[in-house]
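# Architecture and fold: a report
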Amino acid sequence: MPELLIAGGLTVDQFADGARAPGGSVLHAGLAAAAEGARPAFLTVSGAEPEARTGLDRLRALGELIHVAAERTTAYRHDESGPRRVLVLEARGGRIDPGSVAGLPRAEIALLAPIADELPASDIEALRRAVAPRLTVMLIQGWLRHLVVGEPVRPLALDEVAQPLWEAFADADAIVVSTEDLADGNGDPFAQAAALRARLGPRPLLVLTLGPEGYLLDDPRADTIVASVPRAVVEGVPMVGAGDTFGAVLALHLQRGQPPAAAAAAATERVIAVLEARR
């Protein structure tokens, strides 16, 4: 049995220097899981572009792969030249329908990490029934995006997110999301965390990542929200995949019995290591 099943679409990412590469939460989270000694399984969707084929080969090298073929792969153009990363949607890919995919492996963890709403709310519970995980962790940024081909991605207001998604989020064990992916709260992470908690209810652990500034950890079983600043801030390198790395490592350490604060600290250390390797 794999330790975790990671579900989400591959992307073709284009950067400011013109370079194109495979990406997507499924790939970044898979690399992080492998670095933590786990052998993941993957459920992903992509087309047949050269970058997508390269991404599929990398996933196969990491663990078991279930691939849903699509006419094209979701493509994003990245701009990290300003104070905030800007994503422009270049192409919209296909969707993942767990009900049509035979042979989903059971796993200790279901890590659900869509990048363009490719896993509909109606299919989340079907996937969880098939995988039968002990722990469900959701990286929810891909469900919180207003997506129009040719336009910059903008975060949805919480009121714009469909109620079935909130019901699915509320049933997860942990939710991870970046402050950059939230429109509410006027950029105040504590206000954002409070607004999310009001929607999520008392069940999920909530981690709001703050880029190089660390994270907020809202454990509903604890008395306070914990703000953590990393011991080292890595600047001048692309931040792509940092949140996915954090989420995968957090999930693994939670499943392995670490308390939330220790799991989040381990996730931070892995993110720092990944970013330092890009220098």
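A few points on the structure. (Residues numbered from 1 in each chain as written. Predicted model: local features only at pLDDT ≥ 70, side-chain atom pairs only at ≥ 80, totals over all residues. Heavy atoms only, no water.)

### A look at the sheet that holds strand E9 (residues 135-139)
Within the open sheet, the 9 strands sit side by side as E5-E4-E1-E8-E9-E12-E13-E14-E15. Their pairing is mixed. On the outer flanks of this sheet lie strand E5 (64-69) and strand E15 (226-228), each paired with one strand and no other. Averaged over all neighbouring strand pairs, the angle between strand axes comes to 15 degrees, with direction disregarded. Where strand E1 (residues 4-7) lies against strand E8 (residues 109-112), 4 bridges are found, and the strand directions are parallel. Among the inter-strand pairings, leucine 5 is bridged to a residue of E8, identified as alanine 110. In this fold helix H6 (residues 242-255) packs onto E1, E8, E9, strand E12 (174-178), strand E13 (205-209) and strand E14 (215-218), with an angle of close to 165 degrees to the strand it touches most, E9. Those strands touched by helix H7 (residues 260-276) are E13 and E14, and its axis lies near 160 degrees from that of E14. (Pairing = 2+ DSSP bridges. Helix = DSSP H or I, 4+ residues; strand = E, 2+ residues; numbered from the N terminus. Axes fitted to C-alpha atoms, helices over the stretch in contact; angles between N-to-C directions. Contact = heavy atoms within 4.5 Å.)

### A closer look at the environment of leucine 4
Mapped onto the elements of the fold, leucine 4 is located in strand E1. Assessed through its relative accessible area of 0%, leucine 4 is described here as buried. C-alpha separation for the pair leucine 4 and leucine 158, spaced 154 residues apart in sequence, amounts to 29 Å. Excluding residues within four positions of it along the chain, leucine 4 makes contact with Ala33, Ala38, Pro40, Ala41, Ala107, Ile109, Leu111 and Leu252. (Buried < 20%, exposed > 50% of the residue type's maximum accessible area, 1.4 Å probe, protein only.)

### Focus: the layout of surface pockets
The gaps of empty space that remain are located by a probe, the size of a water molecule, rolled over the atoms. Size it by volume and the second largest pocket reaches roughly 220 Å³. Every residue along the wall of the second largest pocket is listed here: Arg84, Arg85, Val86, Leu87, Leu144, Arg145, Pro152, Val153, Arg154, Pro155, Glu180 and Asp181. Where the lining of the second largest pocket is concerned, the elements lending two or more residues are strand E7 (86-91) and strand E11 (154-155). Residue classes in the lining of the second largest pocket are distributed as 6 nonpolar, no polar and 6 charged. (1 Å grid on protein atoms, 1.4 Å probe; cavity = no way out; pocket = protein on both sides within 12 Å on 5 of 7 lines; lining within 4 Å. Points joined across faces, edges and corners; volume = space filled by probe spheres on them. Nonpolar A, V, L, I, M, F, W, Y, C, P; charged D, E, K, R; others polar.)

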